[in-house]
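What follows is each chain in one-letter form.
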Amino acid sequence: MWAQCQQILRDNLSQSAYQTWFAPVVALQCENDVLVLQVKSQFIVEYIEDNYLDLLSRVLRKVFGPTIQLEYRIMVAGGMIDVPSEPLREPVARPRSEVYTPHQEIDNAWDSQLNPQYTFDNFVKGEPNKLARAAAIEIAKNPGKTLFNPLFLFGGSGVGKTHLAYAIGNEVERLDPNARVLYVAANTFKLQFQDAVSHNQVPDFLMFYQSVDVLIVDDIQYFSDLKGTQDTFFQIFNYLQQSHKQLILTSDRSPMELQGIQDRLLSRFKWGLAAEITRPDYPLRRDILLYRIKKDGIKLSDEIIDYVASNVSDNVRDLEGVLASLLAYSTLTDSPINMALTETVVGRLVQLHPKTYLPADIIAAVCHCMKVSNQVITAKTRLKEAVKARNIVMYLIKKFTDSSLSEIGKYVHRDHATVAHSLNTIEAQMSYDAVLRQEVATIERQLGR
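Residues numbered from 1 in each chain as written. Predicted model: local features only at pLDDT ≥ 70, side-chain atom pairs only at ≥ 80, totals over all residues. Heavy atoms only, no water.

**Q** Honestly, the packing of helix α1 (residues 2-12) against helix α8 (residues 202-210) in this entry has me stumped. Any pointers?
**A** The geometry of a pair of packed helices is captured by two quantities: the angle between their axes and the separation between those axes. The N-to-C vectors of α1 and α8 enclose an angle of 125°; their axes lie 9 Å apart at closest approach. Considering their axes alone, α1 and α8 lie oblique with respect to each other. When you trace α1 past α8, the crossing you get is right-handed. On α8, the residues that touch I8, D11 and N12 of α1 are V202, P203, L206, M207 and Q210. When grouped by side-chain class, the residues that make up the contact of α1 with α8 number 5 nonpolar, 2 polar and 1 charged. (Axes fitted to C-alpha atoms, helices over the stretch in contact; angles between N-to-C directions. Helix = DSSP H or I, 4+ residues; strand = E, 2+ residues; numbered from the N terminus. Parallel < 35°, antiparallel > 145°, perpendicular 65-115°, else oblique. Left-handed = near helix turned anticlockwise from the far one by under 90°. Contact = heavy atoms within 4.5 Å. Nonpolar A, V, L, I, M, F, W, Y, C, P; charged D, E, K, R; others polar.)

Rendered as structure tokens:
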């Protein structure tokens, strides 16, 4: 147990301070809640009591329990003498306005800073977030004990990174009410650290963060070029990792693309799983809209849902903003939500411009409309529905993008000649097959054409 104390002291002190004052100290015994430490001189006892008693008190209480007391045994000529310590100090109460409470005991109320509104239940699953969501669920069941430590979630603004991070924390707390979960934005962490430095409370700051079971740091890219903040976070990261505690980090870019972050931190960010959450594709946008209108009791026609899902494509926040605005306009004007109102609201909130079509969006739309998986598009199967879906994908990519035949072939795992033949086939079929033309037109509408 003293070795555990020494490890915490080592993490909270400079190397020279630890080596001088605590490395030589030996724990002799612990009986009746009295720990006896052997030190080399009375001077060392006095120096520790004058300069490190606060820190030592908290460490001993953390490891040995709140009733522990301390005694020193000093080597002198002819033997040893016992010297009682000053009473170990009680945790100092801090005002709730402070952004962190380093002396907060485990059995006191713990403020996780989580937003309880964000859970797995209201995080809509889709292809763009499939891997990240699956990993998050496994972590919530067994934090710190999976291969996904740290979990590094990255992607553009509004794609659901923070929602998923909150969901992990809320689920951990639901499954284990005693778990110490903490959410902190990177900018807040930076300000906390600067405040700790200015008040000579860096050891308190470190100890507080090292007491956490699940640490969520949002927008880690804001640590860029902050050497002191990065050095301190490196210590916290190492301690939590080695203690099998869970780290969850979010960023607007992958670890490989982060600038101004120390190499030793970047290497640790790659230890677990880096999971990208991409821009929501059409099926996911539509599912999010359906979930929200059902939850909020809004009635929208399929035409309006398709229009919003097709034109509001950048992120989830924009989708939710459009729905809120539609509901507000309808309520305030006492008018139904029709296409004219929808076009007005979308036009005001989202910059409508000539549509840029991505092959991935086209593939997603075709798979959604024809109820086939992405794998069917690239598979070697000659099943009728698979061939039909694949041909439509190639036709729409050719129609709406500048992709060459060879580039189209890469998306469907076919060669140049096969793509040319398939395009000729479907164009001929569309000249006489009204049903096929209608199916393609439906997909084009969902793409926002």
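**Q** How do you make sense of the nonpolar core when you look at a structure like this?
**A** Generally speaking, a soluble globular protein has its nonpolar side chains buried in company with each other. In terms of nonpolar packing, the biggest core is built from 60 residues, with L215, F233 and F269 touching the most fellow members. In this view, F269 contacts P150, F152, I220, F233, F237, L249, P255, L258 and I261; residues no more than four positions away in its chain are not counted. Counting residues in hydrophobic clusters, the runner-up holds 27 residues, among them Y357, V366, Y395 and L396. (Core = buried A, V, L, I, M, F, W, Y, C linked by side-chain atoms within 4.5 Å. Buried < 20%, exposed > 50% of the residue type's maximum accessible area, 1.4 Å probe, protein only.)

**Q** In this structure, what is going on with the pairing of strand β8 (residues 246-251)? I would like to understand it.
**A** With 6 of 6 residues buried, β8 is to be regarded as a mostly interior element. Here β8 shows a buried face lined by Q246, I248 and T250 and a second buried face lined by L247, L249 and S251. Sheet analysis places strand β5 (residues 151-154) next to β8, joined by 4 bridges and oriented parallel. When the bridges of β8 are listed, F154 appears paired with S251. Once you follow strand β7 (residues 214-218) into helix α9 (residues 227-242) and on to β8, the crossover reads as right-handed. (Pairing = 2+ DSSP bridges. Right-handed = clockwise from strand over helix to strand, strands pointing away.)

**Q** Please clarify how helix α5 (residues 130-141) should be interpreted in this entry.
**A** Structural remark: α-helix, 3.6 residues per turn; residues separated by three or four positions point the same way. Here α5 spans 17 Å end to end across 12 residues, near enough to the 16 Å set by a 1.5 Å rise per residue. Residues of α5 that are buried include every one of A132, R133, A135, A136, I139 and A140, and no others. Looking straight down α5, one finds that the buried residues subtend no more than 165° of arc, so they occupy a single side. In α5, the exposed residues that point more than 90 degrees away from the buried face are L131 and K141. (Expected span 1.5 Å × (residues − 1). Arc of directions from axis to C-beta.)

**Q** Mind showing me how you'd approach the pairing of β5 here?
**A** A regular strand places its side chains so that they alternate between the two faces of the sheet. Here β5 shows two buried faces, one formed by L151 and L153 and the other by F152 and F154. As judged from the 4 bridges shared by β5 and strand β9 (residues 273-276), these two strands associate in the parallel manner. Looking at the pairing, F154 lines up with E276 of β9.

**Q** Would you mind going over unusual backbone geometry with me for this structure?
**A** Excluding glycine, residues mostly carry a negative phi; peptide bonds, for their part, are mostly trans. The omega torsion across N149 and P150 is 5°, close enough to zero to call that bond cis. Positive phi values are uncommon outside glycine, yet N32 reaches one of about 55°. Within the secondary structure, N32 sits in the loop between β1 (26-31) and β2 (34-39). Phi at K371 is positive, roughly 55°, even though this residue is not glycine. With respect to the secondary-structure elements, K371 resides in the loop between α15 (359-370) and α16 (374-378).

**Q** Would you mind going over the side chain of S112 with me for this structure?
**A** Tracing the backbone shows S112 in the loop between β4 (79-84) and α5. For S112, a relative accessible area of 8% gives the class buried. Here the side chain of S112 touches E173 through a polar contact of 3.3 Å, side chain to side chain. Residue contacts for S112: discarding those within four places in its chain leaves E173, V181, L182 and Y183. (Polar contact = N/O pair within 3.5 Å; in protein donor to acceptor, adjacent residues only side chain to side chain.)

**Q** Would you explain the environment of A135 in this entry?
**A** As for its placement among the helices and strands, A135 is situated in helix α5. Sequence-wise, A135 and M394 are 259 residues apart; in three dimensions their C-alpha atoms are separated by 33 Å. The residues contacting A135, other than those within four sequence positions of it, are F148, L151 and L273.

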